[in-house]
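Spelled out from the first residue to the last, the chains are:
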Amino acid sequence: MHIQFAELPVVDQDRAKQFYRDALGCSVVADSPMGADSWRWVELGLPGGQTNLHFIRGADDRPSDVPVLVVMVDNVADSVATLRSRGVTIVTEPHQPAWQPGKTVAEFRDSEGNRMILSSAGA
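Since we're looking at a predicted model, the values are computed, not measured. (Residues numbered from 1 in each chain as written. Predicted model: local features only at pLDDT ≥ 70, side-chain atom pairs only at ≥ 80, totals over all residues. Heavy atoms only, no water.)

1. Comments concerning the overall build of the protein
Inference 1: Secondary structure assignment for the protein yields 2 helices and 8 strands.
Inference 2: Relative to its length of 123 residues, the protein is compact, with a C-alpha radius of gyration of 15 Å against a globular reference of 14 Å.
Inference 3: A principal-axis box enclosing the C-alpha atoms of the protein has dimensions of 50 × 35 × 25 Å.
Inference 4: Burial status across the protein gives 38% buried among its 123 residues.
Inference 5: If you take every contact in the protein between residues at least 6 apart in sequence, the share linking residues at least 24 apart comes to 52%.
Inference 6: About 7,200 Å² of surface is accessible on the protein, with carbon and sulfur atoms providing 52% of the total. (Helix = DSSP H or I, 4+ residues; strand = E, 2+ residues; numbered from the N terminus. Rg over C-alpha atoms; globule rule 2.2 N^0.38 Å. Buried < 20%, exposed > 50% of the residue type's maximum accessible area, 1.4 Å probe, protein only. Contact = heavy atoms within 4.5 Å. Areas by Shrake-Rupley, 256 points an atom, 1.4 Å probe, with all protein chains shown as cover.)

See the structure below:
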């Protein structure tokens, strides 16, 4: 069993698609018209993952106060360095949170202001 896709609120589908493709290395699984307006079904595949991201219409362009997704990576510090080199806003630097001993986490924002956590597999 696995989750087919996680819904991610966005305001600008093209900007978000470019961010996830260029900054995170996602592949475009689908980009098709959906409904009477210009909204599209955009679904992206995460590198090495089974769960895709599906863009849903965001209510507004205010940044999220809390993380909306946790992305597991092999090396948080290396991932932060790569994201930073691609112009991504890093919210918190890699650290070991008290509530998850043995794990390293960091936070970043996507093009739409969504707050994301990078996390190592840890102990």
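Resuming the write-up.
2. Focus on the nonpolar core
Inference 1: Of all hydrophobic cores here, the largest spans 24 residues; its most connected members are Leu8, Tyr20, Phe55, Leu83, Phe108 and Leu118.
Inference 2: At the level of elements, strand S1 (5-10), helix H1 (13-22), strand S3 (40-45), strand S4 (52-57), helix H2 (76-85), strand S7 (105-109) and strand S8 (115-119) are the ones that each hand at least two residues to this core.
Inference 3: Not counting the four nearest positions on each side in its chain, Leu8 is found in contact with Tyr20, Leu53, His54, Phe55, Ile56, Val68, Leu69, Asp110, Asn114 and Met116. (Core = buried A, V, L, I, M, F, W, Y, C linked by side-chain atoms within 4.5 Å.)

3. Some remarks on the environment of Ala77
Inference 1: With respect to the helices, strands and loops of the structure, Ala77 is situated in helix H2.
Inference 2: Remark: the alpha-carbon pair of Ala77 and Val105, spanning 28 residues in sequence, is separated by 8.7 Å.

4. Points about the packing of aromatic side chains
Inference 1: A complete count under the given rule lists 3 aromatic pairs for this structure.
Inference 2: For the pair Phe19 and Tyr20, a centre-to-centre distance of 5.1 Å together with 75 degrees between the ring planes defines the contact as edge-to-face.
Inference 3: Residue class for Tyr20 comes out buried when judged on its relative accessible area of 1%.
Inference 4: For the pair Tyr20 and Phe55, a centre-to-centre distance of 6.1 Å together with 55 degrees between the ring planes defines the contact as tilted. (Phe/Tyr/Trp six-rings, centres within 6.5 Å; stacked < 30°, edge-to-face > 60°.)

5. Here's the deal with the pattern of salt bridges
Inference 1: All told, the structure shown has 9 salt bridges when counted by the stated rule.
Inference 2: Taking the shortest distance from any N to any O, the salt bridge between Asp37 and Arg57 comes out at 2.6 Å. Linking Asp37 in the loop between strand S2 (27-33) and S3 with Arg57 in strand S4, this pair joins segments that are 20 residues apart in sequence.
Inference 3: Where Arg62 meets Asp60, a salt bridge forms, and the shortest distance between an N and an O atom there is 2.9 Å.
Inference 4: Judged by its relative accessible area of 63%, Arg62 is exposed.
Inference 5: Here the salt bridges do not stand alone but share partners, grouping Asp14, Lys17, Asp31 and Arg40 into one network. (Salt bridge = Lys/Arg side-chain N within 4 Å of Asp/Glu carboxyl O.)

6. Quick word on the environment of Ser32
Inference 1: Positionally, Ser32 belongs in strand S2.
Inference 2: With residues up to four places along the chain from it excluded, the contact list for Ser32 reads Arg40 and Trp41.

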